[in-house]
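This is what each chain is made of:
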Amino acid sequence: MSFVDPRWLWLVLGVPVLILLEGHAHRRARRALEQLVGSRTDSALLAQRLPGRRRTSLVLRALALALLAFGAAGPEWGSELMRRTATGSDVILLIDVSASMDVRDVAPSRLEEARREALAVLDRLAGSKVGVVAFAGDAVRMCPLTLDRSAARLVIESLSSGSVSEPGSDLGRGLRTAARALPGGRRSEQVIVAWTDGEDLEAQANAAIDEIANAGLRVFAVGVGTASGDVVPVLDEQGRAVDVKRDESGGAVRSRLDERLLRTVARRTHGAYFSAARPGGELPRLLSALGSIARGARGERLVERPVPRFAWFAALAAALLAIEIGRARRRREASATRQAQALAAAATLLLLAIGPRAVEAQSPWAKGDAAFRHGRYAEAESLYAKRVGKSGPIGARVNQATARALAGRRPEAESALQGLKQAPGMPGLVAGYNLGTLKAERQAYDEALKELRSVLERDPGHDDARYNYELALRRSQQPPPRPSPQSPRPEPSPGGSQGGGGAPPPSPPPSPGAPQPDRPPPSPQPTEGMTRDRAEQLLGSLEELERLERQRLNRVRVMRERRGRDW
């Protein structure tokens, strides 16, 4: 159990105070009564005392106060799925991982400061698609644009100066790779945030700046480092500095922040420049600038959230108070009508508190989603059909057709999805994607490629459609499997089936849906020598081992012998 605002739990401390005050009042009343009539048990005033009722009333009020305190704190337990439309921007986090980012003129190092600021930016990008690009002598897209911020966080936390194997510092290539990671259009909703010290050993940044400016992209440049700079350390496998970088003449290499180039990048792309010459840098100003980026719809997704249970506590407290009010009225008036009204009020409060949430949680669409997740596709189809009715939402129709296909009625489902794929917005894209995937599963690759290509034309950033399209394209280009040699069959005896003769019945065809194995069945092995396929496999394995060994040796040699512009 968790609480939205646990400060309200302090009200529970009022329960003992209430009990103490009630006990004090009861003792004072008893002493006053004894002073009035004495201790005679036959007094009419003493006969009217009802200590049991007083204790019951105290218990009811104390419990009601405790329940109201728990309810106000917002208790939550369990979880429920809900559809949420994400609105945000497309942000590429471009991080320099060259050797010069290990310089420690910004504590603890330039790269550590860049990672720290990137994670802080990531926490403020809820609803936005985020991608990560790292560059040194080459540029690599470490994480494509995604709504999964936890995946982007893992990538950023794992970055080091060895994340890109190519040495050097090519800012131009990093900017071009970041620009290619952004889909076309909607430039006002897209931005590149670059953390770098500005060193551009390949001198390709100016050409890349022109390309990005012509494409209409903005760049927020964060200069990590100081103008005075420091020496470039050489780190071992544990990240400890064991030496410093040296140039061809043997002198220590010193890296400095090139603030002029980064200001040029920001000015020509209509972005902004931010300094990170100290820990924390200008992070608040950077976050404020990112908040001014235009936001748009970024798709619909299912999110899991805790279920609030405050209504239960409020309903129980209302019921206890209604019982107490009914008891007080019954002591004053013996009217059955008043009792019925109090009970009716308590029941109404209970239904108002719990009823709407139960109805909302048990909608046919939600039940259909639950049945779909558990593989009960026929049940899910019938539940979606209840939600669709005569003029239900298009999303429920797409779900109904998808469940129908997985339940075994694929022709009807594909026909329904064919009519829904032209719908505007996300339902049409989902219908086209599901239709292409179903056709690819039954090996109708040409039709599947056509449907998936249509989805990509409408939404170039649809990563799942692009993956299925490439997979279907590879499957369609593979040669058909070679037929396996037929086993000998006995000749049919004269007279048909007399004497148990005749050919055996043919084996059943493979079930549709699951793709057949890509490789042909193995041919019979000869009694001596080696087949050509086996020799090619062995040769390929030897080449792969040689390539891996060469990479390992090159990596060791680069760490020990690399000289010149490698920082």
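Preceding this section is the structure that the text describes.
Cut-offs applied
- Residues numbered from 1 in each chain as written.
- Predicted model: local features only at pLDDT ≥ 70, side-chain atom pairs only at ≥ 80, totals over all residues.
- Heavy atoms only, no water.
- Helix = DSSP H or I, 4+ residues; strand = E, 2+ residues; numbered from the N terminus.
- Buried < 20%, exposed > 50% of the residue type's maximum accessible area, 1.4 Å probe, protein only.
- Arc of directions from axis to C-beta.
- Contact = heavy atoms within 4.5 Å.
- Pairing = 2+ DSSP bridges.
- Axes fitted to C-alpha atoms, helices over the stretch in contact; angles between N-to-C directions.

A. Spatial organisation of unusual backbone geometry. Residue P108 is bonded to the preceding A107 through a cis peptide linkage, with omega at -5°. The residue P108 is located in the loop between β3 (90-96) and α4 (110-123) in this model. Of note in this structure, H270 is not a glycine but carries a positive phi near 60°. Given a relative accessible area of 67%, H270 falls into the exposed group.

B. The arrangement of helix α9 (residues 283-291) in detail. Among all positions in α9, only L283, L286, L287, A289 and L290 are buried. All buried residues of α9 lie within an arc of 160° about the axis, which places them on one face of the element. Exposed side chains of α9 directed beyond 90 degrees from the buried face belong to P284, S288 and G291. Among the structural elements, α4, β6 (190-196), β7 (218-224) and β12 (272-276) are those in contact with the buried residues of α9.

C. Looking closely at the sheet that holds β3. Taking strand neighbours across the sheet as the criterion, the six strands line up as β5-β4-β3-β6-β7-β12 in an open arrangement whose pairing is mixed. In this open sheet, the two edge strands, each paired with only one partner strand, are β5 (139-146) and β12. On average, each strand axis in the sheet is tilted by 15° relative to the strand beside it, whichever way the strands run. Note that strand β4 (residues 129-135) and β5 share five bridges and pair antiparallel. Pairing of V130 across the sheet is with T146, part of β5. Here helix α6 (residues 171-180) sits on the sheet and contacts β3, β4, β5 and β6; the angle it forms with β4, its principal contact strand, is near 155°.

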